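# Topology and contacts: notes
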Amino acid sequence: MSTSDTFASFVSCLAGALDEHGLQSPDLAAKLHLSRSHFDRLVAGAAGETPARFRRRVLLERAAFRLLDPDARVIDVAVEAGYSSHEAFTRAFAHAYGAAPRVWRREPTTVLLDAPNGVHFHPPADLRLPSLRKVASMDLVIRMVEHHVWLVGEMIERAARLDDAVLDRPLATANADVDDDPTLRSLLSRLVGQMDMWNRAMALQDYDWAVENGETVSSMRRRLDEAGPAFLDQVRRTAADGRLDDTFVSLQDTPAKVYTYGGLIAHVLTFAAYRRTLVVGALATAGFDDLHFGDPRDWVAEGTHAG
């Protein structure tokens, strides 16, 4: 295990054990299958502070966040931070923040203490570890498009297990101007069709809107198998070539209009997010509540399913 891996594992382990005040460095070392001396050396080398000092700082940062709540009692905050007395907590807090807890909470300054490693307490109960790899803005856009293609596929798979009555049930929406009389079927067809349409637009081809009239789920799946990867490939190549400001002529509009590739990607993701939210809600009502609102947060952060 590399030093960075050990440090990341230490942070993860500590995040889950902040309230285990009896836990000492030997216990943390054992959790990582390291000797105490090797553990201390690796963590101190990566963090710029010893494991014990790191833990005390993080607990004080959490205590400072707690003190921002006017209803929180100082003694309760002290106990949660692992101090056996009000006096001991006051001394430690004053040393770190330059003022006693009761004084500091009246005019709080920054909550986060200086740290050589950039790891801080992040409410409600997490530790924030800086990424070892900087993610460029276009990397993020590509991941979001990857997530979109994947999620549409997952929604279609679930829709395949529903009958026509559920697929064609009208869905309530506050934005009737976006889609006329939307149903689960029509929204899924449009999500696939949106990618198919813009693939064709960039190839200077017409799009046959009739395919979306009462489209079967199996047809959507076949179209997605082609349109999804093709659209994602367009985004990847455009981003890699730095051509987001390049323009193309869309024959889908009358008269024809000129768009930028970057504007097209933003357009697709914006309207797709709206339609996906409606679809996920309808699927949840039908008994499929495992898509977590279609939220890309964890998916993007972890790179899950990305290809």
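Residues numbered from 1 in each chain as written. Predicted model: local features only at pLDDT ≥ 70, side-chain atom pairs only at ≥ 80, totals over all residues. Heavy atoms only, no water.

## Points about the overall build of the protein
When helices and strands are counted, the protein shows 13 helices and 4 strands. Here the protein holds 307 residues, and 42% of them are scored as buried. Expressed as a percentage of contacts within the protein between residues at least 6 apart in sequence, the contacts between residues at least 24 apart total 63%. With the model as given, the accessible surface of the protein reaches about 16,500 Å², and the carbon-plus-sulfur share is 53%. (Helix = DSSP H or I, 4+ residues; strand = E, 2+ residues; numbered from the N terminus. Buried < 20%, exposed > 50% of the residue type's maximum accessible area, 1.4 Å probe, protein only. Contact = heavy atoms within 4.5 Å. Areas by Shrake-Rupley, 256 points an atom, 1.4 Å probe, with all protein chains shown as cover.)

## Re the pattern of salt bridges
A full pass over the atoms with the stated rule returns 18 salt bridges. A salt bridge links Arg237 to Asp233, with the shortest nitrogen-to-oxygen separation between them at 2.8 Å. On the criterion of helical spacing, the pair formed by Arg237 and Asp233 is a turn pair, its members being 4 residues apart in helix H11 (residues 217–240). (Salt bridge = Lys/Arg side-chain N within 4 Å of Asp/Glu carboxyl O.)

## Observations regarding the nonpolar core
Nonpolar side chains tend to gather and get buried jointly when the protein is soluble and globular. Formed by 44 residues in total, the largest nonpolar core has its most connected members in Val145, Met155, Ile156, Leu184, Leu188, Val279 and Leu283. When residues of this core are traced back to their parent elements, those giving at least two are helix H8 (137–159), helix H9 (164–167), helix H10 (184–202), H11 and helix H12 (261–285). Among the elements that make up this core, the one with the highest residue count is H12 (11 residues). The residues touching Leu184, leaving out its near neighbours within four places in the chain, are Leu162, Val166, Leu167, Arg169, Leu171, Val279, Ala282 and Leu283. In terms of nonpolar packing, the next biggest core, distinct from the first, is built from 20 residues, Cys13, Leu28, Val58 and Leu59 among them. (Core = buried A, V, L, I, M, F, W, Y, C linked by side-chain atoms within 4.5 Å.)

## A few points about the confidence of the model for the protein
Taken residue by residue, the protein gives an average pLDDT of 85. The fraction at 70 or more is 88%. When mean pLDDT is taken per element in the protein, H9 scores highest with 96 and strand S2 (residues 126–128) scores lowest with 66. Confidence over residues 131–135 falls short of pLDDT 50; this stretch has 5 contacts with residues more than four positions distant or in other chains. (pLDDT = per-residue confidence, 0-100.)

## Observations concerning the environment of Ala15
Mapped onto the elements of the fold, Ala15 is located in helix H1 (residues 3–15). Judged by relative accessible area, which is 26%, Ala15 ranks as partly exposed. Residues Ala15 and Val58, 43 residues apart in the sequence, show an inter-C-alpha distance of 9.5 Å.

## Quick notes on the packing of H10 against H11
The description of two packed helices rests on the angle between their axes and on the distance between the axes. In the contact formed by H10 and H11, the axes pass within 9 Å of each other and the chain directions differ by 45°. When the axes of H10 and H11 are compared, the pair comes out oblique. Viewed along their axes, H10 and H11 form a crossing whose handedness is left-handed. Together, Arg185, Leu188, Ser189, Val192, Gly193, Met195, Asp196, Trp198, Asn199 and Met202 of H10 and Met220, Arg223, Leu224, Ala227, Gly228, Ala230, Phe231 and Gln234 of H11 make up the contact between the two elements. (Axes fitted to C-alpha atoms, helices over the stretch in contact; angles between N-to-C directions. Parallel < 35°, antiparallel > 145°, perpendicular 65-115°, else oblique. Left-handed = near helix turned anticlockwise from the far one by under 90°.)

## Let's talk about the packing of aromatic side chains
Per the stated rule, a full pass over the model turns up 7 aromatic pairs. Between Phe65 and Phe121, the ring centres sit 5.7 Å apart and the planes meet at 55°, which makes this aromatic pair tilted. Of this pair, Phe65 sits in helix H4 (residues 51–67) while Phe121 sits in strand S1 (residues 120–122); the two residues are 56 residues apart in sequence, bridging distant segments of the chain. Judged by centre distance (5.4 Å) and plane angle (85°), the ring pair of Tyr207 and Trp209 falls under edge-to-face. An aromatic cluster is defined as three or more aromatic residues linked by ring pairs; in this entry it consists of Tyr83, Phe89, Phe93, Tyr97 and Trp104. Directly above the aromatic system of Phe54 lies the positively charged group of Arg57, at a separation of 5.1 Å from the ring centroid. (Phe/Tyr/Trp six-rings, centres within 6.5 Å; stacked < 30°, edge-to-face > 60°. Lys NZ or Arg CZ within 6 Å of the ring centre and 35° of its normal.)

## Brief notes about empty space enclosed by the protein
Picture a little ball the size of a water molecule; that probe, rolled over the atoms, points out where space is still empty. Within this structure, the stated rule accounts for 1 cavity of 30 Å³ or more. As a volume, the largest cavity reaches approximately 40 Å³. Along its surface, the largest cavity is lined by Met202, Phe231, Gln234, Val235, Thr238, Tyr261, Leu264 and Ile265. Counting only elements with at least two residues in the lining of the largest cavity, the list comes to H11 and H12. (1 Å grid on protein atoms, 1.4 Å probe; cavity = no way out; pocket = protein on both sides within 12 Å on 5 of 7 lines; lining within 4 Å. Points joined across faces, edges and corners; volume = space filled by probe spheres on them.)

## Considering the side chain of Ser189
Looking at where Ser189 falls in the secondary structure, it is placed in helix H10. According to the relative accessible area criterion, Ser189 is buried, its value standing at 1%. Within the structure, Ser189 has its side chain in polar contact with the side chain of Glu215 (distance 2.5 Å). (Polar contact = N/O pair within 3.5 Å; in protein donor to acceptor, adjacent residues only side chain to side chain.)

## What to know about H11
Under the 1.5 Å per step criterion, the end-to-end length of H11 is 33 Å for 24 residues, consistent within 8% with the ideal 34 Å. Along its length, H11 shows its largest kink, about 35°, at Leu224. Gly242, located one to two residues past H11, shows a positive phi value of around 65°. (Expected span 1.5 Å × (residues − 1). Bend = angle between axes of the 7 residues up to and from the residue.)

## What about unusual backbone geometry?
The backbone of His33 shows a phi angle near 60°, a positive value even though the residue is not glycine. Mapped onto the elements, His33 comes out in the loop between helix H2 (25–31) and helix H3 (36–47). In this structure His33 comes out as exposed when scored by relative accessible area, which is 74%. Even without being a glycine, Asp181 presents a positive backbone phi close to 45°.

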